[in-house]
Amino acid sequence: MAEASRPRAETAEGPLHGVRVVEIGQDIAVPYAGRLLRLLGAEVHKVEPPGGDRLRRHAPNGTAAGAGALFRYLNAGKSSLTVDPSGPDGHALIAALCADVDLVLVDEGLGAVAGLGADVADRAGAVVRLVDFAADGPYGQWQASDLVLQAAAGWVSPRGRADGDPVPVGGRLGEYAAGTYIAVAGLTGWRSQVDGSPVRVLVDRMTAVFNTVAFDMLRRETLVELGYTQTRYTAYIPGPMACADGMVAVNCLTGQHWQDLCTLLGVPEYADKYVEMRYDRGDMAAFYAAVRPWFAEMTVAETVELCQAFRVPAAPITTGATAPELPPFRERGFFVAAPDGGLHPGPPFRLRDVPARTLGDAPMLSQGHSHG
Amino acid sequence: MAERDAFAGLRVLDLGTFWAGPYLGSLLGAMGADVVKVEGPRRVDGFRFLAAFPQQGSRWYELSGLFQATNLNKRGLTLDLGTDEGRAVFERLVAGADVVIENFSPRVVEQFGFGYPALAAVNPRIVMVRMPGYGLEGSWRDFVGFGNSFEYAGGIGWITGDPDGPPLGPGGYADPLVAMHGVLALVAALRDRERTGRGQLIELVQAEVVAAMTPEPVLHHALTGEVLGRTGSRSAECAPQGVYPCRGEDEWLALTVRDEADWKRLVAVVGEPPGLPAARLSTLEGRRAEHDALDRWLSAWTRERDPAATAALLQEAGIPAAKVLTPAAMYGDPQLTATGYYQAIEHPLSGVRRYPAWPFRYHDGHGGDPGTGAGARLTHRFRSPLLGEHNEEILRGRLGMSLEEIDELRRRGVISERMLGTDEETDDGGDT
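Quick caveat, the model's predicted, so the values are computed rather than measured. (Residues numbered from 1 in each chain as written. Chains lettered and ligands numbered in written order. Predicted model: local features only at pLDDT ≥ 70, side-chain atom pairs only at ≥ 80, totals over all residues. Heavy atoms only, no water.)

**As for the sheet that holds strand β5 (residues 127-130) of chain B**
Okay, step 1: Overall, mixed pairing links the 7 strands, which are arranged β12(A)-β6(B)-β5(B)-β4(B)-β1(B)-β2(B)-β3(B) in an open sheet. Strands with a single pairing partner mark the edges of an open sheet, and in this sheet they are β12 (350-351) of chain A together with β3 (74-78) of chain B.
Okay, step 2: As paired strands, strand β1 (residues 11-14) of chain B and strand β2 (residues 34-39) of chain B are joined by 4 bridges and run parallel to one another. When the bridges of β2 of chain B are listed, Val12 of chain B appears paired with Val35 of chain B.
Okay, step 3: The sheet contacts of helix α3 (residues 84-95) of chain B involve β1, β3 and β4 (99-102) of chain B, and relative to β1 of chain B the element is tilted by about 150°. (Pairing = 2+ DSSP bridges. Helix = DSSP H or I, 4+ residues; strand = E, 2+ residues; numbered from the N terminus. Contact = heavy atoms within 4.5 Å. Axes fitted to C-alpha atoms, helices over the stretch in contact; angles between N-to-C directions.)

**Concerning the domain arrangement of chain A**
Okay, step 1: When the domains of chain A are assigned, the result is domain 1 (2-213 + 347-362) and domain 2 (235-316).
Okay, step 2: Spacing between the C-alpha centres of domain 1 of chain A and domain 2 of chain A amounts to 40 Å. (Domains from an automatic or database assignment.)

**Describing the sheet that holds strand β8 (residues 252-256) of chain B**
All names here are of chain B.
Okay, step 1: The 3 strands are arranged β7-β8-β9 in an open sheet whose pairing can be described as antiparallel. The two strands at the open ends of the sheet, each matched to only one other strand, are β7 (241-245) and β9 (321-323). Across the sheet, the mean angle from the axis of one strand to that of its neighbour is 15°, orientation sign disregarded.
Okay, step 2: Relative to β9, β8 runs antiparallel, the two being bridged by 3 bridges. Paired with Leu255 across the strands is Ala321, a residue of β9.
Okay, step 3: Against the sheet, helix α13 (residues 291-302) makes contact with β7 and β8, and its axis sits at roughly 35° relative to β7, the strand it touches most.
Okay, step 4: On top of the sheet, helix α14 (residues 307-316) reaches β8 and β9; it is set at about 165° to β9, its chief contact.

**Considering helix α12 (residues 300-309) of chain A**
All names here are of chain A.
Okay, step 1: Along α12, the positions that sit buried rather than exposed are Val300, Thr303, Val304, Cys307 and Gln308. Buried residues in α12, looked at end-on, bunch into an arc of 120°, giving them a common side. α12 presents Ala301 and Ala309 as exposed residues on the side facing more than 90 degrees away from its buried surface.
Okay, step 2: Residues of α12 that are buried in the fold lie against β7 (238-243), β8 (246-251), α9 (255-265), α11 (284-296) and β9 (314-316).
Okay, step 3: Where α12 terminates, the next one or two residues include Arg311, which has phi positive at roughly 60°. (Buried < 20%, exposed > 50% of the residue type's maximum accessible area, 1.4 Å probe, protein only. Arc of directions from axis to C-beta.)

**Remarks on the packing of helix α2 (residues 29-39) of chain A against helix α6 (residues 173-191) of chain A**
Two numbers describe a pair of packed helices, the interaxial angle and the distance between the axes.
Residues and elements named next belong to chain A.
Okay, step 1: It is the contact of α2 with α6, at a shortest axis distance of 7 Å, that shows an interaxial angle of 50°. Put simply, α2 runs oblique to α6. Where α2 crosses over α6, the two elements pack in a sense that is right-handed. Contact residues: Ala29, Val30, Tyr32, Ala33, Leu36 and Leu37 in α2; Glu175, Tyr176, Ala178, Gly179, Thr180, Ile182, Ala183 and Leu187 in α6.
Okay, step 2: When its residues are assigned to classes, the contact of α2 with α6 shows 11 nonpolar, 2 polar and 1 charged. (Parallel < 35°, antiparallel > 145°, perpendicular 65-115°, else oblique. Left-handed = near helix turned anticlockwise from the far one by under 90°. Nonpolar A, V, L, I, M, F, W, Y, C, P; charged D, E, K, R; others polar.)

**Let's talk about the domain arrangement of chain B**
Okay, step 1: Domain boundaries in chain B define domain 1 (11-213 + 369-426) and domain 2 (241-329).
Okay, step 2: Distance from the C-alpha centre of domain 1 of chain B to the C-alpha centre of domain 2 of chain B: 44 Å.

**Section: the environment of Pro274 of chain B**
All names here are of chain B.
Okay, step 1: Relative to the assigned elements, Pro274 resides in the loop between α10 (260-270) and α11 (278-281).
Okay, step 2: On the basis of relative accessibility, which here comes to 67%, the residue Pro274 falls in the exposed class.
Okay, step 3: Considered as a pair, Pro274 and Trp297 are 23 residues apart in the sequence and their alpha carbons are 8.2 Å apart.

**Here we look at the interface of chain B and chain A**
Okay, step 1: At the interface, 154 residues of chain B touch 150 residues of chain A.
Okay, step 2: Between chain B and chain A lies a buried interface of about 13000 Å² when both sides are counted; carbon and sulfur atoms form 64% of it.
Okay, step 3: In this assembly, chain B and chain A are joined by 6 salt bridges.
Okay, step 4: In this structure, the salt-bridge partner of Asp136 of chain A is Arg361 of chain B, at a minimum N-O distance of 2.7 Å.
Okay, step 5: The tally of links between chain B and chain A comes to 40 residue pairs in polar contact (both at pLDDT 80 or more).
Okay, step 6: Per-element accounting of the side of chain B that touches chain A gives the leading share, 16 residues, to helix α7 (residues 174-196) of chain B. (Buried area = accessible area lost by both parts, 1.4 Å probe. Salt bridge = Lys/Arg side-chain N within 4 Å of Asp/Glu carboxyl O. Polar contact = N/O pair within 3.5 Å; in protein donor to acceptor, adjacent residues only side chain to side chain.)

**Observations regarding the environment of Asp250 of chain B**
All names here are of chain B.
Okay, step 1: Relative to the helices and strands, Asp250 is located in the loop between β7 and β8.
Okay, step 2: Here the alpha-carbon distance between Asp250 and Glu290, two residues 40 residues apart in the chain, equals 26 Å.
Okay, step 3: Looking at Asp250, its side chain comes within polar contact range of the side chain of Trp252, at 2.8 Å.

**Thoughts on the packing of helix α16 (residues 391-399) of chain B against helix α17 (residues 403-411) of chain B**
All names here are of chain B.
Okay, step 1: Their axes nearest at 10 Å, the elements α16 and α17 cross at an angle of 130°. On the basis of the axis angle, α16 is oblique to α17. In the crossing of α16 with α17, the sense of the turn from one axis to the other is right-handed. Of the residues in α17, those in contact with Glu392, Leu395 and Arg396 of α16 are Leu403, Ile406, Leu409 and Arg410.
Okay, step 2: Per-class residue counts for the contact of α16 with α17 are 4 nonpolar, no polar and 3 charged.

**What about the side chain of Glu290 of chain B?**
Residues and elements named next belong to chain B.
Okay, step 1: If you trace the backbone, Glu290 turns up in the loop between α12 (284-289) and α13.
Okay, step 2: With a relative accessible area of 16%, Glu290 lands in the buried category.
Okay, step 3: Contacts of Glu290, omitting those with residues within four sequence positions, involve Leu276, Arg280 and Leu281.

**So, the nonpolar core**
Okay, step 1: Residues Phe210, Trp258 and Phe287 of chain A together with Phe7 and Phe360 of chain B are the most contacted members of the largest nonpolar core, which totals 200 residues.
Okay, step 2: With 13 residues, the top contributor of residues to this core is α7 of chain B.
Okay, step 3: Contact partners of Phe360 of chain B, with chain neighbours within four places excluded, come to Tyr181, Val184, Ala185, Val201, Leu202 and Val203 of chain A together with Leu27, Met31, Ala376, Arg377 and Leu378 of chain B.
Okay, step 4: Leu77, Leu395, Ile406 and Leu409 of chain B belong to the second-largest nonpolar core, a separate cluster that totals 31 residues. (Core = buried A, V, L, I, M, F, W, Y, C linked by side-chain atoms within 4.5 Å.)

Written out as structure tokens, the structure is:
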């Protein structure tokens, strides 16, 4: 009986069951890393400043007691320890907690917890430090903001209207990117620790964000060599199009996509002009004038169905209202009800035999003691 | 240079195409895995056709910097999985492998007969990482898409751009992030396998990964009924904040005033904005109300200035600012070059190119300097393979095939070291 029940118990516990993590950082990056590890079954202890993670008070429904929707999403299923590191024994308490776990993630940049650096985790097996800019470069002492990091990391220049200012990526994707990379640094560091020697990894936000850029420097080398002009390209052609009931993004990545799209739209005269349209040698204004009416008469759903029948990558441009109703999200139950009455995205990965379990609520703000 | 061993001994078959799948394989290879890049001799990786053009010569499909950068740390094998012989060889490779990666539209590998149940029947310990755009099941299962599509479907496109302009998706940044989520799930699956002996199917739905990183619009709408829109460069919490034109073509400066202290610092550098009441500008609310006027004032100040020098000047004063990094300046970026981010690697057909390394730096017993915290960067172990470059090495070494058997596969077009005739050969190149 005991033998037979063991796999079921492991299934319930998650594949990283028994892996113990401390996260020291607020806002998004480190808590998102902690969320990813928690979803895979790790035990995650969150260290917060005396007033709590600043996201606790974040709109739309944040309160001083600490139940902001985004905080809840990022910190569901964790335990929380709130200690004043400047107070007597505070630092020692956190050091003792870190000494006892497998992995410590510490933000020393935008999401730092004042008074706590990676030195608190001297005795931990694997430690990942997140900083804004690496200290050994000329930006080492620079001040950061989300926009400034995006600008320095190549995320701003490729985007915007040709006649306007370049614009950053909306939301806080850079923070999620940094969080994803530190989770990878931490988990691979933990895995490589076979000989028991400590692993210390540094990740800086600028490089983590830059690492997602589509090899723009390599691409440019080739384009310049061959005499093509590279302009702001993020929309891809034709890009966002207005339909009768919303917007659709049609993004041709190859000449084949473009040919098929032109056939579908009834503008065969453009079918062999992919490269010239792509590199500002064609008359995109005339193309748009010719095809806009086609889109305007169709619904988003009809447009996507038709484009996909031609194997042209088209997707609805979802909003906060429409994303949960997108057929693949709805059918797969991706968004789940949150304890505050809202909706949360579900796990971004699914392991067939060890599904992520429900994480429950995020920890309430506690003072001076661990709360699980 | 740092050798990391997180995946040493792991045997990976990488069927990935374009970016998300191959990028996972490349990191596994950098961390010690033995990664075999598998391409069809007629159906090669689509990334070969991006930022590469037929006028580059008969082997133009070897020259894409995007393909090369995404397939470092792998050996190359061609195999036509549409043939019985190709499928038989692949099954034998699966029997001795630990991990299979694929990111096609789901029907592709299933049409070859290589869904997870089939692979698990050959090797119950196999971990298969699949990255469908919209899910292995459901009404959108067979829909095609790329990072850009998934960004729009996942909600980040709608909130990117100017309030009075169109949505502008990030541009494919989702791909490497999907790959990195895959690393986490894979480490977890391997640990599960170490304990239970069983393999695993990992499903990473690309649109779901984007949505998981864009929770704000859905959270906000569910609780308030409001739809978050686009705010351009502006923020509700910092003002002024923006991207301002500088001297030269396509030269810009980004800056953020976080609080009243930053505002005082900015005024100390630039001077008082004329015609605006100082008292009003001492609060976030007041600065937000005057944001258009502040943007005009700052643009007038930046327009004839050098962006890098101005960023340094503002940073010296304690204000977050940076030159907007353009593709033309990426190789020369002082921070990236000083911290050793680029790695020069020689390729037999395109010579020495500088590729992005990884954002992980170690300062422990395996390298780096704990004193400075500078750390030894995780680097690439070796260059990307040519098409089918390691056919013989892999088929002999892994499967013990004879040269005669390998020649027979080549004669039948099951393997090849040159791309075989296909519609994609006439693809006229492109760019992402």
